[in-house]
Each structure stands twice: as structure tokens, then as C-alpha cells.
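Listed here are the chains, written in short residue letters.
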Amino acid sequence: VQLQASGGGLVQAGASLRLSCAASVHTSSTRALAWFRQAPGKEREFVAALRLDGGYQYYADSVKGRFTVSRDRALNTLYLQMNSLQPEDTAVYYCAAGRPILSQIRAQNAYGYWGQGTQVTVSS
């Protein structure tokens, strides 16, 4: 499994960004793809996840309704469309892959593969 995140940048509050993660995965080793983020001085936290079986999506309450996770299977790419960005969304965003059971879909220790992060900075 190889993961490569990109698309971060500096934007103003209210703007949109789309993160991409080139995700070369095998269904034998991956049940879900996810996005996590880590703000300065804070723990890494769950943002969104996409189950490969059925395409079910899961979101953190803080981003629900603003962020959308999706995947282009033909391009082996995971996306995170982020709308109405706020300064509190500033963080390094990571994509991850793993085989979490449903109850662990939001747990970072359920994902065994991680890409390098991409910085998102939202100015007020």
C-alpha cells in the first residue's frame, strides 16, 4: 500500500480546497481509506473515512456538512473536498489505509498505512 497526499495550501476563511491522496491499495489489505489531521500542539484526530465495500462515508462532527470524502477507483485516488474552511481547520492532513472494523473506523490505530501529510492553513 502506498499513499501520497497533496493539495494543501493557504486559503482564507470560507474558501474551499480539495486534497488528493494517491492510494495504491489492495482489497486484501485495505477495508477503508481515511483522512486524519493534526493541528499544532494537538493530538491527531479523525476527519473522514470511506469504506471500500459499499462506499459508506463517516465524518467527524466538526466537519460534517462541510467536507466530503470520495474516491476515484480508476485513478486510485482518495479525495477530501473541504468547503467553508475555518481557521480551526488549520492542520497537517494525512491519508491512511487499513482494515478497521466498523467500531474502529474513526480510530487512527486501526490504520496501518499512512501517507506523508499535507499542510492546510486557513487565515481569518
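Look above for the structure.
A brief structural summary.

Conventions adopted
Residues numbered from 1 in each chain as written. Predicted model: local features only at pLDDT ≥ 70, side-chain atom pairs only at ≥ 80, totals over all residues. Heavy atoms only, no water. Helix = DSSP H or I, 4+ residues; strand = E, 2+ residues; numbered from the N terminus. Salt bridge = Lys/Arg side-chain N within 4 Å of Asp/Glu carboxyl O. Buried < 20%, exposed > 50% of the residue type's maximum accessible area, 1.4 Å probe, protein only.

## Examining unusual backbone geometry
- Its identity is not glycine, yet N76 carries a phi of approximately 50°, on the positive side.
- If you trace the backbone, N76 turns up in the loop between β7 (67–72) and β8 (77–82).

## Some remarks on the pattern of salt bridges
- Taken as a whole and assessed by the stated rule, the structure comprises 5 salt bridges.
- Of the charged contacts in the structure, one is a salt bridge between K64 and D61, with a shortest N-O distance of 3.3 Å.
- On the basis of relative accessibility, which here comes to 66%, the residue D61 falls in the exposed class.
- Measuring nitrogen to oxygen at the nearest pair gives 2.7 Å for the salt bridge that ties R66 to D89. Here D89 lies in the loop between β8 and β9 (91–98) and R66 lies in the loop between β6 (57–59) and β7, a separation of 23 residues in the sequence. For the pair shown, R66 and D89 are each scored as buried.
- Taken together, the shared-partner salt bridges in this structure form one network comprising R37, E45, R66 and D89.

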